[in-house]
Structures are given as structure tokens and as C-alpha cells.
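# Architecture at a glance
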Amino acid sequence: MSRLRRKMVTLAAGVERNFDDMMLALRQRLNADDKLQIVAYRSYGTLNRLYVKGRVLKDKGIRAATDKDTIWNNLVSMYKRFESDEVPNALLTVTFNEKVYNVSTDEEGFFKLNLQTETPGNWDDMWHEVQIELISAPYSFTPGIKVTADILIPPTDAEYGIISDIDDTVVKTSATSLLAMSRITFLNNAHTRLPFAGVSEFYRSLQLGRNGKRNNPFFYVSSSPWNLYDLLIDFLDLNSIVEGPLLLRDYGLDEFPEKASHTSHKLKEIENILIAYPKLNFVLVGDSGQDDPKIYSEIVTKFPDRILAIYIRDVQVADKERIAVEVSKGLGTTNVEMIIVDNTVEAGEHALKIGLIYKEAIPEIIVDKKKDKGELPGKEPIEQRGVS
């Protein structure tokens, strides 16, 4: 980054902080009760550590989306998501196994807690709950704001984990085109955004693995902003796509592009997952639209014995496909295959070949793909959903 550009970014960040401070002071002077909310993010942990993360914001009253919402409804909801009022310096308590921990929010309203569990819990289930309550904030609010955060802890007998991108891997985003991506993001909601055909059943087959326990953990790593968290969670749930922690990105003006790039964010988050579970191997799933092939190749270099397979969905852009093919060839000296696929059935067939899933899963992936395409009854065809 040039010196002038760095100065401009620093100046813009200072303006943003000053504006936030001014608005906070104004609300404090008005001394009115604000409707606040705690947004608790799905996160992950180990047998002796839980990673709790969330945000305290002013509650903008974003209404639940429906498949009948107009473009205007979607635009208003998206505006409210991005025009967020953060609550800095708020104090919260996190309760787990009857023990209480304190944590505060930073200037962007985020809170993080690396919680070390002193007594082992019941680790038979994959998901565990912690209770979070807002205790104090820089201005008045109605007490009693509480939420439950879901924390994933992979079972000790999990066969492998899966780390997946979201944009253009699970949900159609058209990230290779800024105009198309903006149109899809702002004019649609969780009901009308489009999944890729068959992705739900393919991911369920990976979660099931070959031990039949359906206990292989999923992690979603994306460069989408945290402002879209509720939309992405609703999308995954509505389309019956396997639950997992979402690891998104903060787009603050004070973050230089070198520090907060798509590549560095995803590398850091994926490395953190592999470090957290040193005995667990992983399958990586992404697309050719951005830098997933290069990012995943670098992960293989850093963790050469930890990656079982890489699946890259071809976004049908010639230059992007060529880069993905070159990167996959570069992995020829390793034991890791990077498979570039046009659809989930191709990925499933390879997963079967290397022993990741049952052969019975393939017909189910094919049926799910056909339902999504409208070739069989059971789902509304994805081509008929969303803004065309």
C-alpha cells in the first residue's frame, strides 16, 4: 500500500471512530433506554477450551425473511444490517457448567472469550451451550438481555473434519463480478438466495462419513462480513445444510488490506482450526472464483499430512479454471488431490473412491441434485427462486 493511501485509510478510520464516539455521547446525553441485542456466533472448542464470540448491537428490528418479501423489503433489511450501531465497552457474563466468566466488548461491539473449562462436561453431543447476559453498557438499557451461544466440540471418534467456503461454494454469489454479487446480496434474502444443486446431501454424506455416526464436524470460513451472519445462518438452516461454526470477517476501516485480505483471513482461520484439533484430518471444499485453490494449496504446504482431499467447484470462468488447474497440478508432489468439479455428484464419486463416504450416499446426492434442478418433485427448483 502506498504511503498516501495508508494515510487516507488511517484518516477515514479516525473519522469513523470520532463519529461513533459522538453518537455514543449523544445517546448517553439523551439517557433513553435503547433496545440492544447480543448476537452470539456459532463457534467451536475442544475438550478443555471453548471459544466464545459475539457482538452487542442496537436492535434494528430486522424482521424475519419470507419467500414473499419484495426487493424493497430485502434492501431495507440489508441497510439495517450494514448501518449497525455497535455498543463498545459493554460488560457481559458468560456462564458454562455453573461457572461465570466476564468479558467486555471492543470499540466495534465485538467480544471474544477463550474459556478454559475446569471440569469436564458431557462431551457425548457435538454441540454445547453457554449462556451470555448483558450486565452493563455505556448508556441505559432494559436489563435482562440474555442469549444462548452454540459451541461445536468434535467428538473424539470423529473420522475427519470438513472446512468449507460459503460464497459460490454453498450459495450462489457470483463473487467474480462485483455488480452481480451486489445484486444477489442486496436484492435477495435467506429464502430466495440459491444453493448449489445437491450440496445439502453431499455435505450430509461427508458428515456421516463411514462410521455411520454423523459426527464429522463442519466449519464454514468466509470473507463475508459479520453483518450478514443472521442471513447466512438462516440460509443454511432453510436449505438443510449441515450446521457448523461460521468464521466471517470484520470490515473495519482501520484494517489495512494487507492485514484483512480475503486470503490472509481465510488462511488464519483455517490454520487456527487445524491447530485446535491436531489429531483430526480435514477435507477442504471451495470454488475457483477467488483464491481458494491457492489458499488450500498453502494449507497443504503447512500441514502436509492433515488434508485428505480438496474439492473445488468450477465457477465456469475460463481464467479462474486455468489457475485452479495449475494449482492442482502443483500438488502433484504431495499425497493430496485437488479435484475440480462441475457438480456435487462428481465430488461425491471421488469421495467414495477414496473412502470418505458410503456408496449408498451417491444415489441420494443425485436425487437431491435433481430435486434442486426441478427434475424431480420435492423442492422448488433453484432456478425459480430469487431475483432473476
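Residues numbered from 1 in each chain as written. Predicted model: local features only at pLDDT ≥ 70, side-chain atom pairs only at ≥ 80, totals over all residues. Heavy atoms only, no water.

### Describing the overall build of the protein chain
Looking only at helices and strands, the protein chain features 11 helices and 14 strands. Within the protein chain, the proportion of its 388 residues that are buried is 50%. For the protein chain, the accessible area works out to roughly 18,800 Å², and carbon and sulfur atoms hold 52% of it. (Helix = DSSP H or I, 4+ residues; strand = E, 2+ residues; numbered from the N terminus. Buried < 20%, exposed > 50% of the residue type's maximum accessible area, 1.4 Å probe, protein only. Areas by Shrake-Rupley, 256 points an atom, 1.4 Å probe, with all protein chains shown as cover.)

### Brief notes about the sheet that holds strand 6 (residues 110–116)
Judged by pairing direction, the sheet is antiparallel, and its three strands sit side by side in the order 1-3-6 without closing on themselves. Of all the strands in the sheet, the pair left with one neighbour each is strand 1 (36–40) and strand 6. Recorded for the sheet is a direction-independent mean angle of 25° between the axes of neighbouring strands. Relative to strand 3 (residues 49–58), strand 1 runs antiparallel, the two sharing five bridges. Considered in strand 3, the bridge of Val39 is made with Arg55. (Pairing = 2+ DSSP bridges. Axes fitted to C-alpha atoms, helices over the stretch in contact; angles between N-to-C directions.)

### A few points about unusual backbone geometry
A positive phi is found at Glu98, a non-glycine position, where the angle reads about 65°. With respect to the helices and strands, the residue Glu98 is situated in the loop between strand 4 (91–96) and strand 5 (99–104). The phi torsion at Arg214 lies on the positive side, around 50°, for a residue other than glycine. Tracing the chain through its elements places Arg214 in the loop between helix 4 (199–208) and strand 10 (218–225).

### As for the confidence of the model for the protein chain
Taken residue by residue, the protein chain gives an average pLDDT of 81. The fraction at 70 or more is 75%. At the low end of the mean pLDDT range in the protein chain sits helix 6 (residues 257–260), at 44; at the high end sits strand 9 (residues 161–164), at 97. Confidence over residues 7–16 falls short of pLDDT 50; this stretch has nine contacts with residues more than four positions distant or in other chains. Low confidence marks residues 253–260, where pLDDT is under 50. Its contacts with residues over four positions away, or in another chain, come to 20 contacts. (pLDDT = per-residue confidence, 0-100. Contact = heavy atoms within 4.5 Å.)

### Remarks on the packing of aromatic side chains
Going through the model one piece at a time under the given rule, you end up with 13 aromatic pairs. Geometrically, the ring pair formed by Tyr44 and Phe219 is edge-to-face, given 5.6 Å between the ring centres and 85° between the ring planes. Placement of the pair is Tyr44 in strand 2 (residues 43–44) and Phe219 in strand 10, with a sequence separation of 175 residues. In this pair, the class of Tyr44 matches that of Phe219, namely buried. Through pairs of rings, three or more aromatic residues link up here, namely Tyr44, Tyr51, Phe219, Tyr277 and Phe282. Sitting over the face of the ring of Phe110, Lys53 holds its NZ or CZ atom 5.5 Å from the ring centroid. (Phe/Tyr/Trp six-rings, centres within 6.5 Å; stacked < 30°, edge-to-face > 60°. Lys NZ or Arg CZ within 6 Å of the ring centre and 35° of its normal.)

### Notes on the packing of helix 8 (residues 292–302) against helix 9 (residues 318–330)
Close contact between helix 8 and helix 9 brings their axes to 9 Å; oriented N to C, the two are set at 15°. The angle between helix 8 and helix 9 falls in the class roughly parallel. Crossing angle aside, the handedness with which helix 8 passes helix 9 is left-handed. Contacts from Pro293, Lys294 and Ser297 in helix 8 reach Ile323, Ala324 and Val327 in helix 9. A per-class count over the contact of helix 8 with helix 9 returns four nonpolar, one polar and one charged. (Parallel < 35°, antiparallel > 145°, perpendicular 65-115°, else oblique. Left-handed = near helix turned anticlockwise from the far one by under 90°. Nonpolar A, V, L, I, M, F, W, Y, C, P; charged D, E, K, R; others polar.)

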